[in-house]
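Close look at the chain arrangement
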Amino acid sequence: MQKLVYIALGTALIAASCNKQTTSTIKGLQEAKDNQTFADLDKARIKHLSLDIETDFKTHQIKGSASYQFKNNNSKKIILDTEELTIDSVLLANNKKTTFKLGNRDAVKGRALEIDITPKDTVVTVYYKTTSDANALQWLSPEQTHDKKQPFLLSQGQAILTRSWIPIQDTPSVRITYDAKIKTPKDLMALMSAINPKEKSKDGIYTFKMPQPIAPYLVALAVGDVNYQAIDNRTGIYAEPNLLKDAVWEFADMGKMVTTAEKLYGKYPWEQFDVLVLPPSFPFGGMENPRLTFATPTAIVGDRSMTNLVAHELAHSWSGNLVTNSTWDDFWINEGFTVYFERRIMEELEGKDYADMISVIGFQDLETSMRNIPKEYTSLKVNMKGKNPDDAFSDVPYDKGYLFLKMLEDKYGREKFDIFLNNYFSSHAFQTMTTEKFIDYLKQNLTNNDDSFVQEWIYTTGWPKGVQKPTSKLFDLAENQLQQDIKNSRNKVSPEKIAISTKSTNEWLHYIRQIDVDKNTKEDLAYLDEIYDFTDSKNPEIECAWFEKAFLLHYDKVNKNAKEFLVNVGRRKFLEPLYLALKESKQFDLANDIYKSARPNYHFVAKQTIDGMLNYKP
Ligand code: BES
Ligand code: ZN
């Protein structure tokens, strides 16, 4: 129906020999409005960015210039997004200074940088520096790194943080190529979401090129003491020298992973796929920066069982980086497809038992989100007007999105669905996607105009009817094991030490998650600890799950290790359940004591979440 309207309008316009005003109205119709940007893209739209910046580790500042080539639709103004940036001057192509204005600060969007241009201008250069409030950036001291020798800098752009280190039209509906010159202290390597160096430079100067157009949230920078090791001719790992060997072992299957993904949904579009292992305070598990995925070191667990994280970020090379959510209201278009794709890759590589385990874990996470987050954020499509997209962050876009696509697979058959997805990616490559555009495409190419699922799955909050709950044989066995162990605990059977390596990380994760805090006691935990040494586990997944139960049951023996964990690790997915468990078990002094020591190690996005949870006023 909607599609027909566009076509009819389009034809009418061509007949009327369209003028600029109406063309842009049409465009506006097709392209959803992004409420998180100040930019007016119909007037002036950036096409290419050239950065020339220096990273100052003494003042924790980035300073230099950003030049833009843009499409000018007869405009006398170009508007960029900024957040807490200092703008020194703005030059036009002839190096002549031009006037500019920084607008009032909006709590979500930051400040608009309005630059005066002539309708003929297509290039401007902004001289700027970051401030201590550059929310994208994390400046780490040597003590906060793995090797503890050199400082580290990382950026995290998604969702709307790029504007805090580069003035930019910070909306996923913009696509840019970029080049960059980065000056760093000697002995450090600079890396970007671009063609990267494989060795450190002698003079601390690095140049980059990103030839494929990407959304601004995917412009990324890291600077640190890292080395590179290739896995094959297009995949490899960057990590701190003393971590590199373990990282390469853990992710050794990366080459095969890319080939597997290509077999499913088409040629890998970005030439190179490398992973950068970051210090433990990186706030996410992974971030799909094109050509160079950023990853947490907490996925290096020693049994290759967390490699689905790499599969997930790799899958974003299609869903997200190639076909990009048009606005943050359509975030499930990035993550739901990616989770589905991730599990298909893992099924190919590790078999169905593995894929089943991560599907059950995802389903449990979705159950937790559905219970805990505001109802309005439990639909796939959300409305974030006037809000920070991060407020809606939860497992809903991930696992409700996955269940929706899995439902389509089951209904139409895997063979048909795979052809559909292949065509979906290739026909929308390097384009943006709104929920509505996807529904249209789905109706025309898979469901034969049936849209009975639309209201229920996409626009309605809560659980859709008839959800297929995933199951796992291996998890059933782990559950039986737990029941047996608890029985032995109650019957005072003397505990016998058993090596934890008898099961994979996911199985232990499930085992621990099944501990029922309403029925089991801290004495039971002590008994399990005798057998498996969970408290001293060096596996972050197991630590997080175990410390959560221990906090809830006041099993204080973990407190020392749990504090160390929370001070060291900044991955938000681990912090949230742990601080929440302290809060729910009313251990406010312990929570505050730990948070006070740990907070300086956390990235802005993690701080923001935990500040809110603990009602912490910095
Ligand atoms: N793109 C996300 C991370 C993200 C989302 C950062 C929204 C900022 C805003 C990334 O692909 C992701 O989902 N990472 C997961 C990995 C997991 C699902 C395997 C994570 O960090 O836990
Ligand atoms: Zn993702």
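Residues numbered from 1 in each chain as written. Chains lettered and ligands numbered in written order. Predicted model: local features only at pLDDT ≥ 70, side-chain atom pairs only at ≥ 80, totals over all residues. Heavy atoms only, no water.

Points about the overall build of the protein chain
Secondary structure assignment for the protein chain yields 19 helices and 20 strands. Since a compact globule built from 618 residues should have a radius of gyration of about 25 Å, the 25 Å found for the protein chain is in line with a globular shape. Dimensions of the protein chain, computed from the C-alpha atoms along their principal axes, are close to 85 × 60 × 50 Å. Here the protein chain holds 618 residues, and the buried ones make up 59% of them. Restricting to contacts in the protein chain with at least 6 residues of sequence separation, those with at least 24 account for 72%. (Helix = DSSP H or I, 4+ residues; strand = E, 2+ residues; numbered from the N terminus. Rg over C-alpha atoms; globule rule 2.2 N^0.38 Å. Buried < 20%, exposed > 50% of the residue type's maximum accessible area, 1.4 Å probe, protein only. Contact = heavy atoms within 4.5 Å.)

Structural notes on the site of ligand 1
The immediate surroundings of ligand 1 are formed by 16 residues, with Gln158, Gly285, Glu288, Glu313 and Tyr398 found nearest. Take Gly285: an N or O atom from its main chain is 2.6 Å from an oxygen atom of ligand 1. One of the backbone N or O atoms of Gly286 is found 3.3 Å from a nitrogen atom in ligand 1. Burial of ligand 1 by the protein chains amounts to 89% of its free accessible area of 520 Å². Elements with a minimum of two residues in the shell around ligand 1: strand S17 (286-287), helix H5 (308-315) and helix H6 (331-350). When grouped by side-chain class, the residues that make up the shell around ligand 1 number 6 nonpolar, 6 polar and 4 charged. (Near = heavy atom within 4 Å. Polar contact = N/O pair within 3.5 Å; in protein donor to acceptor, adjacent residues only side chain to side chain. Areas by Shrake-Rupley, 256 points an atom, 1.4 Å probe, with all protein chains shown as cover. Nonpolar A, V, L, I, M, F, W, Y, C, P; charged D, E, K, R; others polar.)

Some remarks on the sheet that holds strand S1 (residues 44-56)
Read from one edge to the other, the open sheet built from 6 strands follows the order S4-S7-S2-S1-S10-S12, with strand pairing classed as mixed. Two strands close off the open sheet at either side, each with one partner strand: strand S4 (85-92) and strand S12 (205-214). Across the sheet, the axes of successive neighbouring strands diverge by a mean angle of 15 degrees, strand direction being ignored. Inspection of the sheet shows strand S10 (residues 176-183) paired to S12 by 7 bridges, in the antiparallel sense. Looking at S12, one finds that Lys181 is bridged to Thr207. (Pairing = 2+ DSSP bridges. Axes fitted to C-alpha atoms, helices over the stretch in contact; angles between N-to-C directions.)

Details of the domain arrangement of the protein chain
The domains assigned to the protein chain are domain 1 (12-16 + 326-459), domain 2 (35-225) and domain 3 (473-614). Taken together, the 15 residues of domain 1 in the interface contact 13 residues of domain 2. Summed over both sides, the interface between domain 1 and domain 2 buries roughly 1200 Å², with carbon and sulfur atoms accounting for 58% of that surface. Linking domain 1 to domain 2 there are 0 salt bridges. The tally of links between domain 1 and domain 2 comes to 5 residue pairs in polar contact (both at pLDDT 80 or more). Only H6 and strand S20 (431-433) provide two or more residues apiece to the side of domain 1 that touches domain 2. Here the side of domain 1 that touches domain 2 takes 3 residues from H6, the largest share from any one element. (Domains from an automatic or database assignment. Buried area = accessible area lost by both parts, 1.4 Å probe. Salt bridge = Lys/Arg side-chain N within 4 Å of Asp/Glu carboxyl O.)

Points about the packing of aromatic side chains
Summed over the entire model, instances satisfying the criterion amount to 47 aromatic pairs. Plain terms: the ring middles of Tyr268 and Phe273 are 6.1 Å apart, the flat faces sit at 80 degrees to each other, and that makes the pair edge-to-face. For the residue pair Tyr268 and Phe273, the accessibility class agrees, reading buried in each case. Taken together, a centroid distance of 6.3 Å and an interplanar angle of 70 degrees make the contact between Phe282 and Phe284 edge-to-face. Above the plane of the ring of Tyr402 lies Arg343, whose end atom (NZ or CZ) is 4.4 Å from the centre. The side chain of Arg571 reaches across the aromatic face of Phe574, ending 4.8 Å from its centre. (Phe/Tyr/Trp six-rings, centres within 6.5 Å; stacked < 30°, edge-to-face > 60°. Lys NZ or Arg CZ within 6 Å of the ring centre and 35° of its normal.)

Regarding the packing of helix H12 (residues 473-490) against helix H14 (residues 522-532)
The contact between H12 and H14 brings their axes to 9 Å, and the two run at 110 degrees. For the element pair H12 / H14, the angle class is roughly perpendicular. You can see that H12 and H14 cross each other, and the crossing is right-handed. Of the residues in H14, those in contact with Gln481, Leu482, Asp485, Ile486, Asn488, Ser489 and Arg490 of H12 are Asp524, Tyr527, Leu528, Ile531 and Tyr532. Residue composition of the contact of H12 with H14, by class: 6 nonpolar, 3 polar and 3 charged. (Parallel < 35°, antiparallel > 145°, perpendicular 65-115°, else oblique. Left-handed = near helix turned anticlockwise from the far one by under 90°.)

Quick look at the sheet that holds strand S3 (residues 77-82)
Hydrogen bonding along the main chain pairs the strands of a sheet, whether they run parallel or antiparallel. Taken in spatial order, the 3 strands line up as S3-S6-S5 in an open sheet, and their pairing is antiparallel. A strand with exactly one partner marks an edge of an open sheet, and here the two such strands are S3 and strand S5 (100-102). Between one strand axis and the next, the sheet turns through 20 degrees on average, direction left out of account. Where S5 and strand S6 (residues 111-116) come together, 3 bridges link them in antiparallel fashion. By the bridge assignment for S6, Lys101 is matched with Glu114.

Remarks on unusual backbone geometry
Residue Gln158 is joined to Ala159 through a cis peptide bond whose omega torsion reads 0 degrees. Tracing the backbone through its elements, the reader meets Ala159 in the loop between strand S9 (152-155) and S10. For Glu84, which is not a glycine, the phi torsion comes out positive at approximately 55 degrees. Within the element layout of this structure, Glu84 appears in the loop between S3 and S4. Residue classification places Glu84 among the partly exposed residues on the basis of a relative accessible area of 31%.

A closer look at the layout of surface pockets
Empty pockets left among the atoms are what a rolling probe the size of a water molecule brings to light. As a volume, the second largest pocket reaches approximately 700 Å³. Together, 31 residues line the second largest pocket, and His146, Pro280, Lys538, Pro540 and Asn568 are the ones closest to its centre. Of all elements in the fold, only helix H3 (244-250), helix H15 (540-552) and helix H16 (559-568) reach the threshold of two or more residues within the lining of the second largest pocket. Top element by residues in the lining of the second largest pocket is H16. It accounts for 5 residues. Per-class residue counts for the lining of the second largest pocket are 12 nonpolar, 11 polar and 8 charged. Residue contributions to the lining of the second largest pocket reach at least three from each of two domains, namely domain 2 (35-225) and domain 3 (473-614). (1 Å grid on protein atoms, 1.4 Å probe; cavity = no way out; pocket = protein on both sides within 12 Å on 5 of 7 lines; lining within 4 Å. Points joined across faces, edges and corners; volume = space filled by probe spheres on them.)

Describing the coordination of the zinc ion (ligand 2)
The protein atoms that coordinate the zinc ion (ligand 2) are His312 (NE2), His316 (NE2), Glu335 (OE) and Glu335 (OE), at distances spanning 2.0 to 2.7 Å. The coordination sphere of the zinc ion (ligand 2) comprises 6 donor atoms, whose angles at the metal cover 52 to 158 degrees; the geometry is irregular. Sequence spacing of the donor residues for the zinc ion (ligand 2), all on one chain, is H-x3-H-x18-E. Placement of His312 in helix H5 and of Glu335 in helix H6 is noted, with a sequence separation of 23 residues between them. (Donors = N, O, S within 2.8 Å, 3.2 Å for Na, K, Ca; no water. Tetrahedral: all angles 85-135°; square planar, octahedral: opposite > 155°, others 65-115°.)

Describing the pattern of salt bridges
All chains considered together, the criterion is met by 36 salt bridges. The salt bridge partner of Asp529 is Lys557, with a shortest N-O separation of 3.7 Å. Pair noted here: Asp529 is in helix H14 and Lys557 is in the loop between H15 and H16, with a separation of 28 residues, a long-range link. Note on Asp529: relative accessible area 3%, which makes it buried. The network of salt bridges with common partners includes Glu347, Lys406, Glu409, Asp410 and Arg414.

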